[in-house]
Amino acid sequence: KKSCDILVVIGIGGSYLGAKAVIDALSSSFAWLEGDKPAIVYAGQNIGEDYLYELQALLKNKKFGIISISKSGTTTEPALAFRLLKTQLEEQQGKEAAKRLIVCITDAKRGALRTLATQEGYKTYVIEDNIGGRFSVLSPVGLLPIACAGLDIKALIDGAEQMMQQCGITTPFEENPAAIYAAARNSLYQEQGKKVELLVNFHPKLHNISEWWKQLYGESEGKDGKGIFPASVDFTTDLHSMGQYIQDGERHLFETVISVLEPNHTVSFPHDDANLDGLNFLAGKRVDEVNKMAELGTMLAHIDGGVPNMKITLPKLNEYYIGQLLYFFERACGISGYILGVNPFNQPGVEAYKKNMFALLDKPGYEAESAAIKARL
Ligand code: PA5
């Protein structure tokens, strides 16, 4: 039963990208208009004043709930959004009712979000210490929002578990997809100078799987002056914008294509007697047949143009196969980082902008940094 019409998921980076990736991959493209499940919206993933103004206007006098996610419990972007939206919820519903519409996911003991949740008496879920943000989609961080979107989280975990067996340390290299992918991308990087990996899809719902993947690989491998730059394109859309460069620009690219074997729905092109658009050669064919020929044609063209291609095939888009895909990428990421010779589980570079921002905003405790940075301006 819907206890709210809109669910706001607050978080940034690893604390929201996984949930968004899975929800978008497995929901109707127009879910927000359909209204049978709570519409999921996101906050705390930017500091856009217009974004927050428009979100607050959308939520005005609506039944909404909040899931506030921060492992550290101290990240500025989600903390700001939570303060604004919790205030609005309390004003609209009263403090007691608002409490029942807020869930926090954070560290068991540390951080401002933990303190706040304990003081206010919010329901909480714990992010275990040994799970890094970008590896947390299969923990409550991803599973709670995904379940609230009406998706089958058991099937998601079943898929991930199956992939965990398949990629285990006792599996021989030739049968271990994560090891093969990790080895292949490092070989392309180190031996052929392919410094940019494009994650390609031919299925618009996979756009945010790529956003999640970019964080996973970018934050895990981009360090010590090394790392494949993870980028992504949605085809065929981006063939009309990035296609020229990929085909013909600097040859530092390789592509990893996620191919979905069978769509969940069927649409065929109708015959038209007048055939004014000249498309009768496609009459009776499914949209996906055209898409698959675009996929094959693109792969062949890009290989001819000097862009090596790898292909990952999903039988269809459902929770089980997406669970497999997530675990596959996570596992491969760990292996790949170690092949590259970096620690794939830290992210020291993320702190630099925060230090400057706090210094510029005169945060207490940053007095020396404030003076130093202002002297540079
Ligand atoms: O992967 C990571 O560690 C980061 O992307 C974090 O998830 C992100 O910075 C948000 O951090 P937190 O969950 O502590 O608010």
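Our subject in this report is the structure included herewith.

Criteria and cut-off values
- In this convention, every chain numbers its residues from 1, walking through the sequence in written order.
- Selection of residues for local features in this predicted model requires a pLDDT of at least 70, selection of side-chain atom pairs for listing and counting requires 80 or more, and totals for whole chains, interfaces and linings are taken over all residues.
- Heavy atoms from the whole structure form the basis of all side-chain values; hydrogens and water molecules are not counted.
- Classification of ring pairs rests on two measures: the distance between centres of Phe, Tyr or Trp rings, Trp counted by its six-membered ring, which must be within 6.5 Å, and the angle between planes, read as stacked under 30 degrees, edge-to-face over 60 and tilted in between.
- Two thresholds decide whether a charge sits over a ring: the Lys NZ or Arg CZ must be within 6 Å of the ring centre and within 35 degrees of the ring normal.
- At least two DSSP bridges between two strands are required for those strands to pair.
- Only DSSP runs of H or I reaching four residues or more are called helices, and only runs of E reaching two or more are called strands; each is numbered from the N terminus.
- A fitted line through C-alpha atoms represents every axis, and for helices the fit uses only the stretch in contact; the resulting angles, taken between N-to-C directions, go from 0 to 180 degrees.
- For this analysis, residues touch if any pair of their heavy atoms sits within 4.5 Å.

Quick notes on the packing of aromatic side chains
Across all of its chains, the model carries 15 aromatic pairs by this definition. Aromatic pair Y320 and Y321: ring centres 5.5 Å apart, planes at 85°, arrangement edge-to-face. One aromatic cluster is present, built from ring pairs that chain together Y181, W212, W213, Y217, F328 and F329. The aromatic ring of Y125 is capped on one face by K123, whose charged end is 4.8 Å from the ring centroid. Above the plane of the ring of F358 lies K363, whose end atom (NZ or CZ) is 4.1 Å from the centre.

What about the sheet that holds strand β9 (residues 309-314)?
In space, the four strands of this open sheet follow the order β7-β6-β8-β9, with parallel pairing throughout. A strand with exactly one partner marks an edge of an open sheet, and here the two such strands are β7 (229-234) and β9. Pairs of neighbouring strands in the sheet enclose a mean axial angle of 20°, with direction left out of account. Inspection of the sheet shows strand β6 (residues 196-201) paired to β7 by six bridges, in the parallel sense. What sits directly across from V200, in β7, is V233. Helix α10 (residues 207-221) contacts β6, β7 and β8 (253-260) of the sheet and is inclined by roughly 175° relative to β7.

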